[in-house]
Amino acid sequence: FDSPDSKGRMPGAAARKWWLENYSQAIRWPVPVGKDPGEASRHVDLAAWVSAGLPGPVTLGASVAGQHKGGEGKKPPAVPRSASVAATRLFALLSDHQPLAIDKTAGLALVGAGPGWHQVNKEASEEITALMFGDAFDHVISHNSKIINSENFWC
């Protein structure tokens, strides 16, 4: 997830080594979407993400859990503990490109894109399609709704 700096170093990789040398129980817990927690906070509930990475008996207290400073009024849905990286990425893409949705009524189709959207957003279109029919397929197929969008993605 780290991009090399101007000298080709990857700061996160070096930090991981230090943490593992000093705290053997440490695990890498990258943000599910984006490059850092600040970017991820536009797509996921950070308290839920942190909580999902904590060992069983450890939890976030009421003073932290549920606080969100996204600024746009609506709290993003929590990413379930069992969410795959692919499903989380698909959610982020649907969130970034609203009102896109996945229609399961006649196979799997991407709907809600205006004329020319696929040409203008070719990379996103291809990535969504690859995720729908690839690593996020199980999430999409097992979803209870016939139309899946960013609002009901984790329901």
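This write-up is about the structure you can find in this document. On a predicted model such as this, the values are computed, not experimentally measured, just so you know. (Residues numbered from 1 in each chain as written. Predicted model: local features only at pLDDT ≥ 70, side-chain atom pairs only at ≥ 80, totals over all residues. Heavy atoms only, no water.)

## Digging into unusual backbone geometry
Reasoning step 1: A cis amide bond links Gln98 with the next residue in sequence, Pro99, at an omega value of 15°.
Reasoning step 2: Mapped onto the fold, Pro99 is located in the loop between α4 (85-96) and β1 (101-103). (Helix = DSSP H or I, 4+ residues; strand = E, 2+ residues; numbered from the N terminus.)

## Let's talk about the sheet that holds strand β2 (residues 109-111)
Strand pairing within a sheet occurs via backbone hydrogen bonds; the two strands may be parallel or antiparallel.
Reasoning step 1: The sheet built from three strands is open, its strands ordered β2-β1-β3 with antiparallel pairing. Each edge of the open sheet carries a strand with a single partner, namely β2 and β3 (147-148).
Reasoning step 2: Two elements, β1 and β2, share three bridges in a ladder whose sense is antiparallel. Opposite Ala101, over in β2, you have Val111 as the bridge partner. (Pairing = 2+ DSSP bridges.)

## Some points on the packing of aromatic side chains
Reasoning step 1: Considering all chains together, one arrives at three aromatic pairs under this definition.
Reasoning step 2: On the numbers, 5.7 Å between centres and 45° between planes, the contact of Phe91 with Phe153 is tilted. Here Phe153 lies in the segment after β3 and Phe91 lies in helix α4, a separation of 62 residues in the sequence.
Reasoning step 3: Using a relative accessible area of 2% as the deciding quantity, one classes Phe91 as buried.
Reasoning step 4: On the basis of relative accessible area, Phe153 is assigned to the buried category, the value being 0%.
Reasoning step 5: Between Phe153 and Trp154, the aromatic rings sit 4.8 Å apart at their centres with planes inclined by 85°, giving edge-to-face as the arrangement. (Phe/Tyr/Trp six-rings, centres within 6.5 Å; stacked < 30°, edge-to-face > 60°. Buried < 20%, exposed > 50% of the residue type's maximum accessible area, 1.4 Å probe, protein only.)

## Focus: helix α6 (residues 122-133)
Reasoning step 1: Between its terminal C-alpha atoms α6 stretches 17 Å, which fits the 16 Å expected from 12 residues at 1.5 Å a residue.
Reasoning step 2: Residues of α6 that are buried make contact with α4, β1, β2, α5 (117-120) and α7 (137-142). (Expected span 1.5 Å × (residues − 1). Contact = heavy atoms within 4.5 Å.)

## Re the environment of His118
Reasoning step 1: As for its placement among the helices and strands, His118 is situated in helix α5.
Reasoning step 2: Given a relative accessible area of 33%, His118 falls into the partly exposed group.
Reasoning step 3: Beyond its immediate sequence surroundings of up to four residues, His118 is in contact with Leu110, Ala113 and Ser125.

## Considering the environment of Ala87
Reasoning step 1: Relative to the assigned elements, Ala87 resides in helix α4.
Reasoning step 2: With relative accessibility at 2%, the residue Ala87 sits in the buried group.
Reasoning step 3: For the pair Ala87 and Val140, spaced 53 residues apart in the sequence, the C-alpha separation amounts to 8.3 Å.
Reasoning step 4: Setting aside residues no more than four positions away along its own chain, Ala87 makes contact with Ala136, His139, Phe153 and Trp154.

## Examining the pattern of salt bridges
Reasoning step 1: For the structure shown, the criterion picks out two salt bridges.
Reasoning step 2: In this structure, Glu127 engages Arg89 in a salt bridge whose closest nitrogen and oxygen atoms are separated by 2.8 Å. A residue pair is termed long-range when its members are at least 10 positions apart, and Glu127 in helix α6 and Arg89 in helix α4 qualify at 38 residues. (Salt bridge = Lys/Arg side-chain N within 4 Å of Asp/Glu carboxyl O.)

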